[in-house]
Amino acid sequence: MKIRKFQALFWVMFMIGITGCTHLSISPIYSDKVALQDEESLFDEKEMFAVSYHYWQRANESETVKDWYMARYFLHIAHQLDPANNEIESKISILTEKIRSESEAHFQKGLESYDIKDLEKAHSFFLEALQINPENRKAMKYLVEVLNQPEQKTFNVAEEKEMESIAQEVYGDPEKSFLIAYFNDLPDKSVPEIGSVLMIPPLPINTPPNAFDLAESLANARSYLESKQYSRTLKMTRKIQKQIPDHPEALQIEKEVYYQIAREFEKFGKYTEALNVMGNIKTNCESIQSYIEHLQQLVKDRADFYYHRGVRYFVNEELEKAILEWKNALAIDPTNMTTQKDIENAENLLEKLHEIE
Amino acid sequence: MRRYCEKKRTSLFWILLILCAALQSCTLIDKKADEKILHTFAEKDPLFSKLKMDGFIMVRPGVTDTFNSLAARFFGDKNKGWLIAKFNRQDRVIAGKPLIVPLEPIYLGGLENDSYQTVPVLVYHQFSNDHSDKMTIKAEDFFEQMLYLKENDFSVIDLDQLIDFMEFRAPLPEKSVVITIDDGWLSAYEIAYPILKSFGYSATLFVYTDFIGGEKAMKWSQIKEMAQNGFNVQSHTKSHQSLTIIHESAPFEEYFRFLVRELEVSKNTIEDYLNTDCRYLAYPFGETNELVISLAKKMGYRAAFTVNRGSVPFFENRYTIGRSVIYGDSDLDQFINNLSCQKAINFK
């Protein structure tokens, strides 16, 4: 009897064990593998392959919309979970190169636009370079720092100079030496070390202009003039005159610009245009006056030339051609009343002739 | 026959006993699992498992896991649950279904191939229970606005998060918003603070330190209380005078010393009272110039704010970040107009 009871007890224990295990294996959310381990449980191969395939598909989706960076990351995940898949590996290499080269190409386009001051385009290119490759630090720097902030001015201390002299040089005002001292953590009356680079803080816009800005602007204007960049030269001289109206050197540069432009027009026989350009010159001097007179004479000669050709046609009773020539003469010299009258007469005659015909 | 019946009865008894025992064992296992879930978070969840790989972690979430709990576990920041949700394109965690926790920097700047993210930075001034005017918003209107943010899944973020986003260091939830309250009016403590708390939101207080302790202003003790409850306290200068008005009759140095005082005293005062870093500045009237910006940088301000309306993209100048003032006379639709979180781009 005792043996039978012991057997029964054995079976009970056995069944409890079986049932417990069954409970674990039939539960939909518990897996035996996981349950047997504490935390660092493994995923089975099938599961990893399924996740890998899922991310392979997502990589394809991202690639379709040209989101190569995310596509590469998805492929990376897919590859880690399915390392035997060589196809993924080679695709990652292709994408890596594509991301690098495309991002760099857009960055370079951004730089080109930046150089010609087309900042809106530059911004768009840098943004795209960064979208293609968020690790493109150069694009990030241009987008966030260069395009946003004015270039930080610095001063290289090449010789022993007091702070006032530096302030005089950079601001045209020795009294602003305290500003340089403050921003460079130096005592107000100190002499900066030779070889050091000082940060020059910007002045607020409504501070009166200083000699340094003026000198720089004049130098820029001269350099633009030398390289025949006339519109840039004029932009610079206007900037100077906005600060200091009728600044003599700015006016002189401006005069030179107009003279050069007029000469260009003259070269191509556009005397009226040349004369119009010379009309922009504010100051009057002998040489300018004589050049203007020279142009006026050229204009008059050209008008006379057309006028006389018109007369010749008129005499030969070629009224239409005469009118055309006189109109050319009038276009060059609209103040010539004789030409105006001759055109009217010729037109009346022509009209009558048409009526008779 | 009797023996047979007795045998059958005995067998039945044992079967019943076995079933009971089996049931009991099941209950025990379930109880144990519950205890683990209840007491050890997901740490000991029998279902939970993880596999650390290069650049990501594959996780089998446990029954108690949420995106936020996983974010807390793997990023050390429960507020980044959205990142796991977005990456896995799931709106809820399914126990047992593997998830990928991305460890690579992704979604930076909210920059995608057809759009980029923008973050609205809202500015409030005064609050009142019974009236509104241009700069004073009624409590009920403020409540309605916060409710709108909540119901529309906006995440209220702080300035550190905003600047990390702008520096391309960390991504933000797609609908993120910053709430700032200027000046330091007492009503910010009495009215806005409890409303914000009720929604689980915090805000940044830009205070001008001369004002604090005044009759209509908050006291330092109140500001401290708000700071201890997650509010951020930053500088709105010392006296709230415009930083850009230069009196030509006065020496330039006097103007400069004024700027230094305005930026330095407020920063030091806040840091002394609250024992925290003061790293952000809101220009009075939103006005600034190049010298003020240089000075703010020199003094260690990490970013500074104007009141130029519009949401902020990551590439905005960090020293002229725009904010949208919410006026007391604007309705909910006008408020919503300030909440743009994305801008389309067309790369050609």
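Preceding this paragraph is the structure being described.
Every value quoted in this text rests on a predicted model; they were computed, and no experiment measured them.

The rules behind each value
- Residues numbered from 1 in each chain as written.
- Chains lettered and ligands numbered in written order.
- Predicted model: local features only at pLDDT ≥ 70, side-chain atom pairs only at ≥ 80, totals over all residues.
- Heavy atoms only, no water.
- Helix = DSSP H or I, 4+ residues; strand = E, 2+ residues; numbered from the N terminus.
- Buried < 20%, exposed > 50% of the residue type's maximum accessible area, 1.4 Å probe, protein only.
- Areas by Shrake-Rupley, 256 points an atom, 1.4 Å probe, with all protein chains shown as cover.
- Axes fitted to C-alpha atoms, helices over the stretch in contact; angles between N-to-C directions.
- Parallel < 35°, antiparallel > 145°, perpendicular 65-115°, else oblique.
- Left-handed = near helix turned anticlockwise from the far one by under 90°.
- Contact = heavy atoms within 4.5 Å.
- Nonpolar A, V, L, I, M, F, W, Y, C, P; charged D, E, K, R; others polar.
- 1 Å grid on protein atoms, 1.4 Å probe; cavity = no way out; pocket = protein on both sides within 12 Å on 5 of 7 lines; lining within 4 Å.
- Points joined across faces, edges and corners; volume = space filled by probe spheres on them.
- Phe/Tyr/Trp six-rings, centres within 6.5 Å; stacked < 30°, edge-to-face > 60°.
- Lys NZ or Arg CZ within 6 Å of the ring centre and 35° of its normal.
- Core = buried A, V, L, I, M, F, W, Y, C linked by side-chain atoms within 4.5 Å.
- Pairing = 2+ DSSP bridges.
- Arc of directions from axis to C-beta.
- Salt bridge = Lys/Arg side-chain N within 4 Å of Asp/Glu carboxyl O.

### Focus on the overall build of chain A
Tallying secondary structure elements over chain A gives 16 helices and two strands in all. The buried share of chain A, taken over its 357 residues, is 38%. Total accessible area on chain A stands at roughly 22,000 Å², and carbon and sulfur atoms take up 55% of it.

### Concerning the packing of helix H12 (residues 248–267) of chain A against helix H14 (residues 286–315) of chain A
Residues and elements named next belong to chain A. Look at H12 against H14: their axes get within 12 Å of each other, and the N-to-C directions meet at 20°. As judged from the angle between their axes, H12 and H14 are roughly parallel. Pair H12 / H14 crosses with left-handed handedness. In contact with Lys 255, Tyr 259, Ala 262, Arg 263 and Glu 266 of H12, H14 contributes Ile 288, Tyr 291, His 294, Leu 295 and Leu 298. When grouped by side-chain class, the residues that make up the contact of H12 with H14 number six nonpolar, one polar and three charged.

### Details of the layout of surface pockets
All names here are of chain B. By volume, the second largest pocket is sized at about 740 Å³. Lining of the second largest pocket is provided by 22 residues; of these, Asn 79, Phe 154, Ser 155, Val 156 and Pro 173 occupy positions nearest its centre. Within the residue set of the lining of the second largest pocket, elements represented by two or more residues are helix H3 (81–88) and strand E8 (155–157). Here the lining of the second largest pocket is composed, by residue class, of seven nonpolar, eight polar and seven charged.

### Some words on the packing of aromatic side chains
Using the criterion set out here, one finds 32 aromatic pairs over all chains in the structure. With a centroid separation of 4.9 Å and 70° between ring planes, the pair formed by Tyr 259 of chain A and Tyr 291 of chain A is classed as edge-to-face. Remark: Tyr 291 of chain A occurs in helix H14 and Tyr 259 of chain A occurs in helix H12; sequence separation between them is 32 residues. The class for Tyr 291 of chain A is buried, based on a relative accessible area of 7%. Between Phe 314 of chain A and Trp 326 of chain A, the aromatic rings sit 5.6 Å apart at their centres with planes inclined by 40°, giving tilted as the arrangement. Pair noted here: Phe 314 of chain A is in helix H14 and Trp 326 of chain A is in helix H15 (residues 319–332), with a separation of twelve residues, a long-range link. When its relative accessible area of 31% is taken as the criterion, Phe 314 of chain A is described as partly exposed. Joined through ring pairs, the aromatic side chains of Phe 178, Tyr 182 and Phe 183 of chain A together with Phe 252, Tyr 255 and Phe 256 of chain B make up one cluster. For the cation-ring pair, Lys 91 of chain A lies above Trp 56 of chain A, with the distance from its terminal atom to the ring centre recorded as 5.7 Å.

### Quick look at the nonpolar core
Within the largest apolar cluster, 74 residues are counted, with the highest numbers of intra-cluster contacts made by Tyr 124, Met 146, Leu 149 and Leu 196 of chain B. Per-element tally for this core: the top contributor is helix H8 (residues 252–274) of chain B, with nine residues. Excluding its chain neighbours within four sequence positions, the residues that come into contact with Tyr 124 of chain B are Ile 137, Phe 142, Gln 145, Met 146, Ile 179, Thr 180, Ile 181, Asp 182, Ile 326 and Phe 335 of chain B. Ranked by size, the runner-up nonpolar core spans 36 residues in total, among them Ala 129 of chain A together with Ile 163, Val 312 and Ile 345 of chain B.

### Describing unusual backbone geometry
All names here are of chain B. In this structure, His 240 takes a positive phi of about 65° despite not being glycine. Inspection of the secondary structure assignment puts His 240 in the loop between strand E11 (232–235) and H8. The buried category is assigned to His 240, whose relative accessible area is 17%. Here the phi dihedral of Phe 285 falls at roughly 60°; this positive angle occurs in a residue that is not glycine. Considering the arrangement of structural elements, one finds Phe 285 in the loop between strand E12 (280–282) and helix H9 (290–298). Of the residues examined, Phe 285 reaches a relative accessible area of 49% and is grouped as partly exposed.

### Structural notes on the sheet that holds strand E16 (residues 342–344) of chain B
Strand pairing in a sheet relies on backbone hydrogen bonds, with the paired strands running either antiparallel or parallel. All names here are of chain B. The antiparallel open sheet is built from three strands, whose spatial order is E14-E4-E16. Both outer strands of the open sheet, strand E14 (312–313) and E16, are each paired with one neighbouring strand and no more. Pairing of strand E4 (residues 115–119) with E14, which is carried by two bridges, proceeds in the antiparallel orientation. Bridge pairing links Val 119 to Val 312 in E14.

### Quick look at the sheet that holds strand E1 (residues 49–53) of chain B
Residue and element names in this part refer to chain B. As summarised here, the arrangement of the three strands in space is E1-E2-E3, forming an open sheet in which the pairing is antiparallel. Here the strands that pair on one side only, and so sit at the sheet edges, are E1 and strand E3 (99–102). Neighbour-to-neighbour, the strand axes of the sheet open up by a mean angle of 20°, direction not taken into account. Pairing of E1 with strand E2 (residues 56–60), which is carried by five bridges, proceeds in the antiparallel orientation. Across the sheet, Lys 50 pairs through a bridge with Val 59, a residue of E2.

### Section: helix H7 (residues 220–228) of chain B
Each α-helix turn comprises 3.6 residues. Residues three or four places apart therefore point the same way. Residues and elements named next belong to chain B. When we look at burial in H7, the residues that qualify are Trp 220, Gln 222, Ile 223 and Met 226. Taken end-on, H7 shows its buried residues confined to a sector of 160°, consistent with a single buried face. Opposite the buried face of H7, at more than 90 degrees from it, the exposed residues are Ser 221 and Gln 228. Contacts made by the buried residues of H7 are with helix H6 (186–198), strand E10 (204–207), E11 and H8.

### Some words on the pattern of salt bridges
All names here are of chain B. On inspection of all chains with the given rule, the structure shows 28 salt bridges over all chains. Linking Asp 182 and Arg 323 is a salt bridge whose minimum nitrogen-to-oxygen distance equals 2.9 Å. Taken together, the residues Asp 182 in strand E9 (residues 176–183) and Arg 323 in the loop between E14 and strand E15 (324–325) connect sequence positions 141 residues apart. Taken individually, Asp 182 and Arg 323 each receive the classification buried, so the pair is uniform in this respect. Taking the shortest distance from any N to any O, the salt bridge between Glu 271 and Lys 267 comes out at 3.0 Å. Of this pair, Glu 271 and Lys 267 both sit in helix H8, four residues apart, roughly one helical turn. The burial state of Glu 271 is the same as that of Lys 267; both residues are buried.

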